[in-house]
Structure formats: structure tokens, C-alpha cells
Amino acid sequence: MGSIVKSNRGYIEFVIQRLSAIYMALYVLAILTVIFINKDLDFEIIQDLFSLMPVRILTFFFIVSILSHGWIGMWIIATDYINNAFLRNLYFVLVMGMILFYLVWSIEVIWGFE
Amino acid sequence: MAKVNKLEFSIYRYNPDDDKSVYMQDYTLEFDIEQNLMLLGALERIKDELDPTLSFRRSCREGVCGSDAMNINGKNGLACITPISSLPRKIAIRPLPGLPVVRDLVVDLEIFYKQYARVKPYLINRQPTPKKERLQSPEDRKKLNGHYECILCGACTTACPSFWWNPDKFVGPAGLLQANRFIVDSRDDAELERLQDLQDPFSVFRCRTIMNCVEVCPKKLNPTKAINNIKKEMLKIK
Ligand code: SF4
Ligand code: FES
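What you see is a predicted model; the values in this text were computed from it and never measured.

Rules of the game
Residues numbered from 1 in each chain as written. Chains lettered and ligands numbered in written order. Predicted model: local features only at pLDDT ≥ 70, side-chain atom pairs only at ≥ 80, totals over all residues. Heavy atoms only, no water. pLDDT = per-residue confidence, 0-100. Helix = DSSP H or I, 4+ residues; strand = E, 2+ residues; numbered from the N terminus. Buried < 20%, exposed > 50% of the residue type's maximum accessible area, 1.4 Å probe, protein only. Core = buried A, V, L, I, M, F, W, Y, C linked by side-chain atoms within 4.5 Å. Domains from an automatic or database assignment. Contact = heavy atoms within 4.5 Å. Buried area = accessible area lost by both parts, 1.4 Å probe. Polar contact = N/O pair within 3.5 Å; in protein donor to acceptor, adjacent residues only side chain to side chain. Near = heavy atom within 4 Å. Nonpolar A, V, L, I, M, F, W, Y, C, P; charged D, E, K, R; others polar. Phe/Tyr/Trp six-rings, centres within 6.5 Å; stacked < 30°, edge-to-face > 60°. Pairing = 2+ DSSP bridges. Axes fitted to C-alpha atoms, helices over the stretch in contact; angles between N-to-C directions. Salt bridge = Lys/Arg side-chain N within 4 Å of Asp/Glu carboxyl O.

A look at the confidence of the model for chain B
Across chain B, the average pLDDT comes to 95, with 98% of residues at 70 or higher. Predicted as a complex, the structure gets a pTM of 0.92 and an ipTM equal to 0.86.

Structural data, given as C-alpha cells:
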């Protein structure tokens, strides 16, 4: 079974998937808590909240978690179901392109460059 | 008077020499309900009385050798320990899924055994050989329960979608159950290597906890639990 090179990539991805899932769950819980304790939540409050550097950084980590979690999952789906090498690579390019686009876009949203 | 009943079979047929295609062939078998017939017995009667060209593997006829695993009404199992009374009167028999068919119900298990061999299913111990034997405490011996009983019938691995998609890379439930059997064995000292050998994205991590293996195992073993133990042991390294 020469197709398997000794690597620990599967293990690392496994750990990343679990950690990112936990982080995303905690972040969503935190945001929901903010929404529930602020009865009269409005644009100002949200803007104030997201002008804080720690909130921006934690939000950025949230985006990174989704994207890395998503990439690993999409990679697994492709290596299960897409056998044609050309189609599989095309799919990888598309998914990677999307992920990079979301990454740049989320930085723009969080830090609000003009 | 014997109570006679009729069984309708629909059996997968393929002969590489003269058949152009694969087809399902129907057989009707009369049997005495009071006879406690097993499915294997029924197949043998079809071969004897109706169609000597039907091929299938079998040996022990008591659930020990693992030769007669097949797909029975959509679910993998051993024909020799499947009572006809547990099945409906219409029975569809197919070879184990996901493997090349050699003929009728006989599949080529080569890739299954290759994956089994990959986990080094033997004791590795680099300590000097003791005069008599390597002792093990009763507690340590207990850890092997649920592993050594496997008869390598292949029902679990061929029921696993992850194995269907990547049979050359994913070890599959049967092989991983044996990997864990040696990982937990107190007399084996190659635990670290065994774990490191399985850390690529396919060998063990392709298991998505579908649990078809647990559902079909005729020995009531739990490969999913063993697989999860391998992952847990990996987390303890370093
Ligand atoms: S674990 Fe069960 S189903 Fe799988 S090969 Fe062993 S005995 Fe057969
Ligand atoms: S014939 Fe041996 S397990 Fe069925």
C-alpha cells in the first residue's frame, strides 16, 4: 500500500477540527449571551462592541476556525467522492479560492477599511 | 407430517467465463419449517438440488471460520448462523459489497487482508525472551476481550462506506479492531510506532463513526469503540 506516506497530517487535522468546533461553540454562546442580556441592543452598542480590539481579534479567530474546519471537511468529502483527478483539483482550487476570499473579506468587515 | 413451506430466493450470479453481465437468479426451495434450517443449509440445498453451478464459500458451518459472510437482504452477515426463521420468505443474497467479485457470492478479499497485514497483527516485544512465557495480569488480559474474538469474516469492513470509497488507504473496521488489540496489549511494546503508523488522513481518521460495522458484526464486536480508543491513545502521545 505504497500510497500511504507516513505522516501525522490526519491527526493534526483531527485535533484542529475538534478545537475549532469548541472555539466556535464558545464564540456563538458569547455572542448569544450579549444579545440576550442587552434588551435594547442597537447599532451603536454593536458598533462599540466590535470597535474593541479583543473582540475583533476573537472574531477573527472565529472566522479562521470556520474556514479551517470547513477546508478540512471539504477536503475529506472530495477525497471520498471525487475520483477524477482533474475534477478533484478543480474543486480544491475553487474551495481554496472561496476560503481565501472569505478570509480577506472578513478582515475588511472586522477592521472596516475604507 | 412435516410442515412444508416455500422460500423464494433471489441470488446474485456472475461467472467471469461465460456471463456477459451480472444478474439476479430466482430459486424456490421447499423446506420443513420444523427443521430449524440455517441460511447456509438452504444455499447448500439449492446447490445440491437445483443448481450445482452456484458458488459460495463456507467451511465450519458454525460461525467460527468467517468464510460465508455475504449480503443477506441488504445486510452483511454469516449465512451459517442466520436462521431461516429470522428472515422473510423472500430472500435476496448478494456478495459482500465493495470488493471485486470472483464468481457468484465469492469475492476477492485480497485488499481486506492487505489492510489487516498493515496493522502488524502480531505481538512486538523487544525485551529478552523470558524462559517460559510473558505474563499478564488478569486486568490486562481483560483488555483483549472484544478484540481477539474477531474471525475476520469481513462483514464489517465491507459494510463501511469509508472503506468503499478508499479501500486502498482506509484500514477498515476489522483491521483497526486488531490494531487496537495490540495497542492495548500489555505485552506489546510497539504502541508508539503502531499509533504513528495510523496518523495519516486515511488509515484511521477516515472513520466517520457511521457504525455499520457494529450493526453487522456476527460476533457482536464493536470496532467503532476500538477506533475511538486508537484516537484517544494518539492524544496521549508526547
Ligand atoms: S469485527 Fe466482526 S464483522 Fe468484522 S471481521 Fe471481525 S468478526 Fe467479522
Ligand atoms: S461457514 Fe464458517 S463462519 Fe459460516
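Following the structure, the description resumes.
Observations concerning the environment of Cys-213 of chain B
Residues and elements named next belong to chain B. Looking at the secondary structure, you find Cys-213 in helix H7 (residues 212–216). Judged by relative accessible area, which is 7%, Cys-213 ranks as buried. The spacing of Cys-213 and Cys-156 is 57 residues in sequence and 4.1 Å in space, taken between C-alpha atoms.

With respect to the nonpolar core
Residue and element names in this part refer to chain B. Ranked by size, the top nonpolar core spans 59 residues in total, and within it Phe-9, Ile-11, Leu-39, Ile-84, Ile-91, Ile-93 and Ile-230 carry the most contacts. Per-element accounting of this core gives the leading share, 5 residues, to helix H1 (residues 39–50). Taken domain by domain, this core gets at least three of its residues from each of domain 1 (4–107) and domain 2 (110–235). The residues touching Phe-9, leaving out its near neighbours within four places in the chain, are Gln-25, Asp-26, Tyr-27, Leu-29, Leu-39, Ala-42, Ile-46, Ile-84, Ile-91 and Ile-93.

Describing the interface of chain B and chain A
Contact residues are listed per partner, giving 20 residues for chain B and 19 residues for chain A. Contact between chain B and chain A buries roughly 1800 Å² in total, counting both sides, with carbon and sulfur atoms accounting for 63%. Ranking the residues of chain B by area buried against chain A places Trp-165, Gln-199 and Arg-206 of chain B at the top, with a combined share of 27%. If you look at where chain B meets chain A, you find 9 residue pairs in polar contact (both at pLDDT 80 or more). Elements represented by at least two residues in the side of chain B that touches chain A include exactly helix H2 (110–118) and helix H8 (223–236) of chain B.

Side note on the site of ligand 1
Around ligand 1 sit Cys-150, Ile-151, Leu-152, Cys-153, Gly-154, Ala-155, Cys-156, Ala-174, Leu-177, Cys-217, Pro-218 and Lys-219 of chain B, and those are all the residues in its vicinity. In terms of residue class, the shell around ligand 1 is made up of 10 nonpolar, 1 polar and 1 charged.

Things to note about the packing of aromatic side chains
Evaluation of the coordinates by the stated rule reveals 12 aromatic pairs over all chains. Seen from their ring centres, Tyr-81 of chain A and Trp-165 of chain B are 5.5 Å apart, and the 55 degrees between their planes marks the pair as tilted. In this pair, Tyr-81 of chain A sits in helix H3 (residues 53–81) while Trp-165 of chain B sits in helix H4 (residues 161–165), so the two residues belong to two different chains. Exposure remark for Tyr-81 of chain A: the relative accessible area of 52% places this residue in the exposed category. A relative accessible area of 34% means that Trp-165 of chain B is categorised as partly exposed. Both rings, one in Trp-164 of chain B and one in Trp-165 of chain B, keep their centres 5.9 Å apart while their planes meet at 75 degrees; by these two values the pair is edge-to-face. Judged by its relative accessible area of 32%, Trp-164 of chain B is partly exposed. Here the aromatic cluster, defined as three or more aromatic residues joined through ring pairs, consists of Trp-71, Tyr-91 and Phe-92 of chain A.

Quick look at the sheet that holds strand E3 (residues 69–72) of chain B
All names here are of chain B. Strand order in the open sheet formed by 5 strands is E2-E1-E5-E3-E4, and the pairing between neighbours is mixed. Two strands close off the open sheet at either side, each with one partner strand: strand E2 (23–32) and strand E4 (75–78). Neighbour-to-neighbour, the strand axes of the sheet open up by a mean angle of 35 degrees, direction not taken into account. The pairing of strand E1 (residues 4–13) with strand E5 (residues 90–94) spans 4 bridges and is parallel.

Thoughts on the pattern of salt bridges
Residue and element names in this part refer to chain B. All told, the structure shown has 18 salt bridges over all chains when counted by the stated rule. Between Glu-193 and Arg-126 there is a salt bridge, with the nearest N and O atoms lying 2.7 Å from each other. With Glu-193 in helix H6 (residues 191–196) and Arg-126 in the loop between H2 and helix H3 (138–142), this residue pair connects regions lying 67 residues apart in the sequence. Among the charged side chains, a network of salt bridges with common partners joins Arg-13, Asp-51 and Asp-104.

A word on the side chain of Asp-51 of chain B
Residues and elements named next belong to chain B. Among the secondary structure elements, Asp-51 is positioned in the loop between H1 and E3. Given a relative accessible area of 9%, Asp-51 falls into the buried group. A polar side-chain atom of Asp-51 sits 2.9 Å from a polar atom in the side chain of Arg-13. Aside from chain neighbours lying at most four places away, what touches Asp-51 is Arg-13, Gln-25, Tyr-27 and Ile-46.

Remarks on the domain arrangement of chain B
Interface size, as often reported, equals the accessible area lost upon joining of the parts. All names here are of chain B. Looking at chain B, the domain boundaries give domain 1 (4–107) and domain 2 (110–235). On a C-alpha basis, the centres of domain 1 and domain 2 stand 29 Å from each other. Across the boundary between the two partners, domain 1 contributes 13 residues, which contact 13 residues of domain 2. Summed over both sides, the interface of domain 1 with domain 2 buries roughly 1000 Å², with 65% coming from carbon and sulfur. When the buried area of domain 1 at its contact with domain 2 is split by residue, Lys-75, Asn-76 and Leu-99 rank highest and sum to 37% of it. Counting every contact that joins domain 1 to domain 2 gives 1 salt bridge.

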